[in-house]
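Each chain, written out:
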Amino acid sequence: MKSANNFTFQVAIVGSGPSGFYVAEALVNSGISTEITILERLPCPYGLVRYGVAPDHQKLKSVSHTLDAIAEHPSVTFLGNLEVGKDIQISELMELYHVVVFTTGMPGSSLLGINGENLIGVHPSSTFVGWYNGHPDYQTQSFDFGHDTAIIIGHGNVAIDICRVLTKSIDELRKSDIPDSALEVLSENKIKNVHLIGRRGPVQAKFTTKELHELGKLENCNVSINPKFLKLGTACQQELDEISNQLARKNHVIFQTYINNFKEKNADKKQIAIDFMLKPKAFKGDKKLQSIIFEESHLEGTAFKQISVLSNRLLEISCGLAFTSVGLKGAKFDGLFNDSPKETLSNVNSRLVNDHGDIIYGMYAAGWVKRGPNGVIGTNRECAQDTVDRILEDLTIFADHSALGRNGLMSILKVRNIQYVTFDDWKIIDAIEIEKGQKLGKPREKFTSVSGMLACI
Ligand code: NAP
């Protein structure tokens, strides 16, 4: 695509997780003359890679090196510690830039909406994940690991991440980049039993096989499944046999290995039980969580259209700690529209739309905030390319006027006396974190406060 003479396309990207960087990369690769500003609320980049990917999955976090190369491209400027909607308004960005792309991910957790969800001891996944990953927003949260039993509701990979953090020994966790402040609390962990509870069956579980397999390899843990859960009805068997349903088949092989552990009662080992077909009904307790009531259910209907039918049989499991890991949801922005229930930004083919479905020209979305939380990190690269393809299709709409872009933004920030963080500033923070980590034998020791990061520069 050729740009008109002297035309520099000014793009603001809101959010510096993988999707934000991949949008920048696709724009750079498009060959048009572009100036890209990536705006980030925190002083540090990488979003989900830094604060969502499990701290014991450092290999996955190494994708940040690819993102660094994008940030250092001459057409790209990273500006951290800038909150859109507070330090700079969306309407101002729309005046300064030809287009604004939202790549703000899914920072929040979906809730169950059942009684007792606000009892002490019940935590949404994002709170715990944010806390153990050192996210500044979650450092005042407190978790009591002095109980014998914890329950994790939900059968997705976030639930497995949480399960590993609860069951790994403190020495194993010390090798991760969990901040020392969280390790200190986790060193008091007394949990012996973890129930990983899903509302549907093994064929419908959303775990990926690698993560499910890893669970069975944890030191001093016994992962078990009651064999009754693996006796499949006709429709579930059909779902399992469906050629495209490789995930369920591979998972089923792993599940089978866990039924062999069902009878093992080695008191020295932590017990992880994967339970199915239990719908959460209520959290019980007086201020503090004491137990969770589930209703047993079964699936009825044809393959891939089965619905959960409740049995009226209730099961109460005592526990003092629970995590709800039942999906994620996006952040809301004043003046923009969200689709329920995931609260993705309302969009048609990446173009944001208003509540009448009309396109809001110049506004786009990419990544989880566009399509919901699914896929792996690489999926966001394709998603970002797709968004940029739509932007390039619309380029003629914007090519007839110039935009102040980054320079205009910098002027406003100067007048407002806002201390933004550049990518070079971030590299100073990064180097300090790595150096502190090396002294502790871990990949990095994160700053867990914004002020701590800002004090470095
Ligand atoms: P998820 O994969 O969508 O799993 C959510 C789970 O919550 C499902 O089992 C779902 O059951 C259950 N659920 C939803 N509503 C419920 C309700 N009202 N009551 C009971 N259960 C309910 O979500 P996630 O675990 O948050 O993961 C989000 C994304 O991040 C996924 O793409 C995941 O693969 C990715 N991720 C990847 C990794 C990794 O690669 N290592 C790590 C973490 C996260 P139903 O199926 O019945 O709806």
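The structure displayed is predicted, hence computed values, not measured ones. (Residues numbered from 1 in each chain as written. Predicted model: local features only at pLDDT ≥ 70, side-chain atom pairs only at ≥ 80, totals over all residues. Heavy atoms only, no water.)

### A look at the overall build of the protein
- When you go through the protein residue by residue, the secondary structure sums to 18 helices and 20 strands.
- Rg of the C-alpha trace for the protein: 24 Å, near the compact-globule value of 23 Å for 457 residues, within the 12% margin.
- In terms of overall dimensions, the protein has C-alpha extents of about 75 × 55 × 40 Å along its principal axes.
- For the protein, with 457 residues in total, the buried portion stands at 54%.
- Sequence separation of 24 or more characterises 75% of the internal contacts of the protein that already satisfy a separation of 6 or more. (Helix = DSSP H or I, 4+ residues; strand = E, 2+ residues; numbered from the N terminus. Rg over C-alpha atoms; globule rule 2.2 N^0.38 Å. Buried < 20%, exposed > 50% of the residue type's maximum accessible area, 1.4 Å probe, protein only. Contact = heavy atoms within 4.5 Å.)

### A look at the environment of lysine 210
- If you trace the backbone, lysine 210 turns up in helix α10 (residues 209–216).
- Each C-alpha atom of the pair lysine 210 and isoleucine 359 lies 40 Å from the other, and the pair is 149 residues apart in sequence.

### Description of the site of the ligand
- In the vicinity of the ligand lie 20 residues, with His155, Val158, Arg199, Arg200 and Glu211 positioned nearest.
- For the ligand, an oxygen atom lies 2.9 Å from a polar atom in the backbone of histidine 155.
- Computed on the free molecule, the ligand has an accessible area of 910 Å², of which 83% lies beneath the protein chains in the complex.
- Classifying every residue of the shell around the ligand by side-chain character gives 7 nonpolar, 8 polar and 5 charged. (Near = heavy atom within 4 Å. Polar contact = N/O pair within 3.5 Å; in protein donor to acceptor, adjacent residues only side chain to side chain. Areas by Shrake-Rupley, 256 points an atom, 1.4 Å probe, with all protein chains shown as cover. Nonpolar A, V, L, I, M, F, W, Y, C, P; charged D, E, K, R; others polar.)

### Thoughts on a nonpolar patch on the surface
- Where nonpolar side chains cluster on the molecular surface, the patch consists of Ile359, Tyr361 and Ile397 and spans about 280 Å² of accessible area.
- The residue isoleucine 359 is located in strand β20 (residues 359–365) in this model. (Patch = residues over 30% accessible without salt bridge, like charges linked within 9 Å, V, L, I, M, F, W, Y side chains within 5 Å. Salt bridge = Lys/Arg side-chain N within 4 Å of Asp/Glu carboxyl O.)

### Here we look at the pairing of strand β7 (residues 149–153)
- Taken across its 5 residues, β7 has 5 buried, putting it largely inside the fold.
- Burial along β7 is two-sided: Thr149, Ile151 and Ile153 and Ala150 and Ile152, pointing in opposite directions, are all buried.
- Note that β7 and strand β8 (residues 193–197) share 5 bridges and pair parallel. By the bridge assignment for β8, isoleucine 152 is matched with leucine 196. (Pairing = 2+ DSSP bridges.)

### Quick look at the side chain of glutamate 239
- Its place among the elements puts glutamate 239 in helix α11 (residues 234–241).
- Buried charge without a salt bridge: glutamate 239, with arginine 200 as the nearest opposite-charge side chain at an N-O distance of 6.2 Å.
- Here the side chain of glutamate 239 touches glutamine 204 through a polar contact of 3.0 Å, side chain to side chain.
- In this structure the side chain of glutamate 239 is engaged in a polar contact, spanning 2.8 Å, whose partner is the side chain of glutamine 306. (Lys, Arg positive; Asp, Glu negative; His and termini not counted.)

### A word on the domain arrangement of the protein
- For the protein, the assigned domains are domain 1 (9–107 + 330–421) and domain 2 (108–328).
- Of note, the centres of domain 1 and domain 2, computed from C-alpha atoms alone, are 33 Å apart.
- The interface of domain 1 with domain 2 comprises 17 residues on the first partner and 23 residues on the second.
- Summed over both partners, the interface of domain 1 with domain 2 buries about 1,500 Å², with 48% contributed by carbon and sulfur atoms.
- The largest per-residue losses of area from domain 1 upon contact with domain 2 belong to Tyr51, Pro55 and Asp56, which jointly make up 39% of the total buried on that side.
- On inspection of domain 1 and its partner domain 2, the count reaches 3 salt bridges.
- A salt bridge links lysine 168 to aspartate 56; the nearest nitrogen and oxygen atoms lie 2.8 Å apart.
- Elements represented by at least two residues in the side of domain 1 that touches domain 2 include exactly α2 (48–51) and α3 (58–61). (Domains from an automatic or database assignment. Buried area = accessible area lost by both parts, 1.4 Å probe.)

### Section: helix α1 (residues 18–29)
- With 12 residues, α1 extends 16 Å between its outermost C-alpha atoms, agreeing within 8% with the 16 Å of an ideal straight helix rising 1.5 Å per residue.
- Within α1, 10 of the 12 residues are buried, which leaves the element mostly enclosed by the surrounding structure.
- When we look at burial in α1, the residues that qualify are Pro18, Ser19, Gly20, Phe21, Tyr22, Val23, Ala24, Glu25, Ala26 and Leu27.
- In the stretch just after α1, glycine 31 is the one whose phi turns positive, near 85°. (Expected span 1.5 Å × (residues − 1).)

### Examining the pattern of salt bridges
- Across all of its chains, the model carries 28 salt bridges by this definition.
- Put simply, Arg351, Lys370, Asp386, Arg390, Glu393 and Asp394 are held in one network by salt bridges that share partners.

### Re the sheet that holds strand β11 (residues 278–284)
- As summarised here, the arrangement of the 3 strands in space is β11-β12-β13, forming an open sheet in which the pairing is antiparallel. The open sheet has two edge strands, β11 and β13 (307–318), and neither has a second partner. Strand-to-strand twist across the sheet, computed as the mean angle between neighbouring axes with direction ignored, equals 20°.
- Both strand β12 (residues 291–300) and β13 contribute to a ladder of 9 bridges, which runs antiparallel. When the sheet's bridge partners are listed, isoleucine 292 is paired in β13 with isoleucine 317. (Axes fitted to C-alpha atoms, helices over the stretch in contact; angles between N-to-C directions.)

### As for the packing of aromatic side chains
- What the rule picks out here adds up to 18 aromatic pairs.
- One aromatic cluster in this structure is built from Phe128, Trp131, Tyr132, Phe143, Phe145 and Phe323.
- Above the plane of the ring of phenylalanine 447 lies lysine 436, whose end atom (NZ or CZ) is 4.2 Å from the centre. (Phe/Tyr/Trp six-rings, centres within 6.5 Å; stacked < 30°, edge-to-face > 60°. Lys NZ or Arg CZ within 6 Å of the ring centre and 35° of its normal.)

### What about the sheet that holds strand β2 (residues 34–39)?
- Strand order in this open sheet of 7 strands is β3-β2-β1-β4-β20-β19-β18, and the pairing throughout is mixed. The outermost strands of the open sheet, each flanked by one partner alone, are β3 (76–79) and β18 (347–348).
- Alignment of strand β1 (residues 9–14) against strand β4 (residues 99–102), held across 4 bridges, turns out to be parallel. Bridging across to β4, isoleucine 13 finds its partner in valine 101.

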